[in-house]
Every structure is written in structure tokens, then in C-alpha cells.
Amino acid sequence: MMDITILGSGTSTGVPMVGCTCEVCTSQDPRDRRLRCSGLIETNGVSILMDCGPDLRQQSLSLNRYFPIDGVLISHEHYDHVGGLDDLRPFCFFRNIPVYAERYTAERLHSRMPYCFSENPYPGAPCISLQPLTPYEPFQVTSLSGDSVEVLPFRVMHGKLPILGYRIGRMAWITDMTTLPDESVDCLKELDCLIVNALRITPHFTHQSLSEALDCIARIAPKKAYLIHMSHQIGLHAEVEKMLPENVFLTYDGMRITL
């Protein structure tokens, strides 16, 4: 069994966006309030954080539980996906937390936040360690009790920037994507669940639009698909969901998906 919690379903600005008075940003529907994109995957006794954005503290408090995080999977170096690494500190009382990222991203995280990855950290610094990985080479994330889960990183393109998606069992998580290489499509067969980005209705040069996300879902053909990393320009949750195919759903913060 796998439990997926959507910690944040929004894009880099969050929703509501500061200063905006559009119908989405002023909506009273809690599903239209979106923190920066992140998720928690719990399966086979292992807890994995998908990205670690600047809303991590708030997202952690909303879970209302305190537990070990066995690994963090980083899609890419942009702030809205890594700005919460320092806020992993409370979870480091359980264990040193491995942070998995491809080497290019790991090097930039080390240079941007060297105190987080120092060999001789000062007291109070987060106990986290960078674990460089290679696209298409599976690796294991292991819990304190010795349970483990295989993770397969695969290439996606964020505009011209190569970043990572991840497959865990029959679930795949893709964010900030514009295009998906054929080699990665081959890694995504027989999915029960695809979680994938859809920024807004109109096209964008570094993120999928809603129609592009639906085309991607049709190409991969999962049993069910869930849309994440949405801006206020996606529209009202209640209205957009009426437009979707029967196996495609908008996510919202706090949503639980069980496989």
C-alpha cells in the first residue's frame, strides 16, 4: 500500500498570489489555496518527501504528526523546490536525512547552502547529507528500521533545463515539466497513479499548460492522474475539475491518495 499526501499543490508564487484580487486568489474554497509544490510518499515503512520548498514548516504543522523522514527527492534547484531544506531540522532529531539530487543540482545546493552540508556543522544546523544520483539508475531509500523502497529517477525537461521526475512502484511524480523524452516514457508504463504539473490554461515556456498535461497523461496512460504545481491562472478548482476526463483530478493541499 502507498499513501500520498499533497503538501503543496501550487506554483512558485503560491495561491493566493500576493497583491492579486482575481476570483481564484479571493476564493473562499480551501481547495483554491495552494502552498508551494511538495508531497509526502509513505510506503513499505518508508517516508519520502518529494521536494522541499519554502512552505515546509507550515506544511509539516498541518500534518499534525511528527515522524522520521527517510529521504528527500529533489527535482531541481529552483527555490520553490529547495527553499525548505533548513526547515528539516526538527526531523533530524530522528536521523540524518539523505537528500537525493543529480550531481548538477547537488553541487548548486552545496554552494548555495554550505552550512547545511558542512563536514563540521555548527550546533543546530540540519543533519542532512547530499546523495548524488544519475537519471535512469534506480536506488534504495531505507528507513531506520531497515525497510527499503526502490526509486527510479528519470529525465524531464523544464524548458531548456534538464530536471528529474521520480517513479516509486506504480506511482510517478513529475513537476515543472514542459517535455518528456521518449526514454522516460518507457520508464512510465503500467502506472496506477501519475502526479504531473499543469500550470495554467494558456501556454507557458517552461511549464505544461492544462491541455499539454492532458496530452502527456494520454501518452503515458496511467489508471489515474492528479494535477499539481498550479497557479491562480488555472482557474477555480470547482470549475476546472468539471472539464477533466473521468480519471484526471485536480489536487489540493492536504489531499490524501491511497494506492
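Described in the following lines is the structure provided in the data block. (Residues numbered from 1 in each chain as written. Predicted model: local features only at pLDDT ≥ 70, side-chain atom pairs only at ≥ 80, totals over all residues. Heavy atoms only, no water.)

### Considerations on helix α3 (residues 103-112)
Part 1: Taken as a whole, α3 has its buried residues at T105, A106 and L109. Down the axis of α3, the sector holding all buried residues measures 100°, keeping them to one side. Turned more than 90 degrees away from the buried face of α3 sit R103 and S111, all of them exposed.
Part 2: On its buried side, α3 packs onto α2 (79-82), β5 (97-102) and β6 (128-133). (Buried < 20%, exposed > 50% of the residue type's maximum accessible area, 1.4 Å probe, protein only. Helix = DSSP H or I, 4+ residues; strand = E, 2+ residues; numbered from the N terminus. Arc of directions from axis to C-beta. Contact = heavy atoms within 4.5 Å.)

### Examining the layout of surface pockets
Part 1: Of the volumes computed, that of the largest pocket is approximately 170 Å³.
Part 2: Lining the largest pocket are T5, I6, L7, L35, S62, L63, R65, D253, G254 and R256.
Part 3: Listing elements by their share of the lining of the largest pocket, those giving two or more residues are β1 (2-8) and α1 (56-63).
Part 4: Per-element accounting of the lining of the largest pocket gives the leading share, three residues, to β1.
Part 5: Each residue belonging to the lining of the largest pocket can be placed in one class, and the counts come to four nonpolar, three polar and three charged. (1 Å grid on protein atoms, 1.4 Å probe; cavity = no way out; pocket = protein on both sides within 12 Å on 5 of 7 lines; lining within 4 Å. Points joined across faces, edges and corners; volume = space filled by probe spheres on them. Nonpolar A, V, L, I, M, F, W, Y, C, P; charged D, E, K, R; others polar.)

### Here's the deal with the sheet that holds strand β9 (residues 161-168)
Part 1: The seven strands are arranged β7-β8-β9-β10-β11-β12-β13 in an open sheet whose pairing can be described as mixed. Edge strands, defined here as strands with exactly one partner in the open sheet, are β7 (139-142) and β13 (248-250). Sheet twist, expressed as the mean angle between neighbouring strand axes with direction ignored, is 30°.
Part 2: Where β7 meets strand β8 (residues 148-158), four bridges bridge the pair, whose relative direction is antiparallel. The residue of β8 that forms the bridge with V141 is V149. (Pairing = 2+ DSSP bridges. Axes fitted to C-alpha atoms, helices over the stretch in contact; angles between N-to-C directions.)

### Structural notes on the pairing of β5
Part 1: Within β5, six of the six residues are buried, which leaves the element mostly enclosed by the surrounding structure.
Part 2: The alternating pattern of β5 places I97, V99 and A101 and P98, Y100 and E102 on opposite faces, both of which are buried.
Part 3: Bridge analysis of strand β4 (residues 71-73) against β5 gives two bridges, and the strand direction is parallel. Its bridge partner being in β5, L73 is matched across the sheet by Y100.
Part 4: Looking at chain direction, β5 and β6 are connected through six bridges and run parallel. By the bridge assignment, E102 is partnered in β6 with L133.
Part 5: The parallel pair β5 and β6, bridged by α3, forms a crossover whose chirality is right-handed. (Right-handed = clockwise from strand over helix to strand, strands pointing away.)

### Topic: the environment of V72
Part 1: Turning to its location among the elements, V72 is positioned in strand β4.
Part 2: Linking V72 and H207, residues 135 residues apart in sequence, is a C-alpha distance of 22 Å.
Part 3: When neighbours within four sequence positions are excluded, V72 is seen to be in contact with L49, D51, C52, L88, I97, P98, V99 and Y100.

### Examining the side chain of S184
Part 1: Along the chain, the position of S184 falls in helix α4 (residues 182-185).
Part 2: The buried category is assigned to S184, whose relative accessible area is 0%.
Part 3: Leave out the neighbours within four places in its chain, and S184 touches Y136, F154 and R155.

### Thoughts on the environment of G165
Part 1: Mapping G165 onto the fold places it in strand β9.
Part 2: A C-alpha to C-alpha distance of 8.5 Å links G165 and L152, two positions 13 residues apart in sequence.

### Here's the deal with the pattern of salt bridges
Part 1: A full pass over the atoms with the stated rule returns 14 salt bridges.
Part 2: Two residues, R95 and D70, come together in a salt bridge whose shortest N-O distance is 3.0 Å. Residue R95 is located in the loop between α2 and β5, and its partner D70 is located in the loop between α1 and β4; the two are separated by 25 residues in the primary sequence.
Part 3: Under the relative-accessibility criterion, R95 is labelled buried at 15%.
Part 4: Taking relative accessible area as the criterion, D70 reaches 2% and is therefore assigned buried.
Part 5: As a salt-bridge pair, D192 and K223 come within 3.4 Å of each other at their nearest N and O atoms. Residue D192 is located in the loop between α4 and β11 (193-197), and its partner K223 is located in the loop between α5 (210-220) and β12 (224-228); the two are separated by 31 residues in the primary sequence. (Salt bridge = Lys/Arg side-chain N within 4 Å of Asp/Glu carboxyl O.)

### Regarding α5
Part 1: All of the buried residues in α5 are L210, A213, C216, I217 and I220. Projected down its long axis, α5 shows its buried positions confined to an angular sector of 120°, all on one face. α5 presents D215 and A218 as exposed residues on the side facing more than 90 degrees away from its buried surface.
Part 2: Those residues of α5 that are buried lie in contact with β11, β12, α6 (237-240) and β13.

These figures come from the coordinates and say nothing about function on their own.
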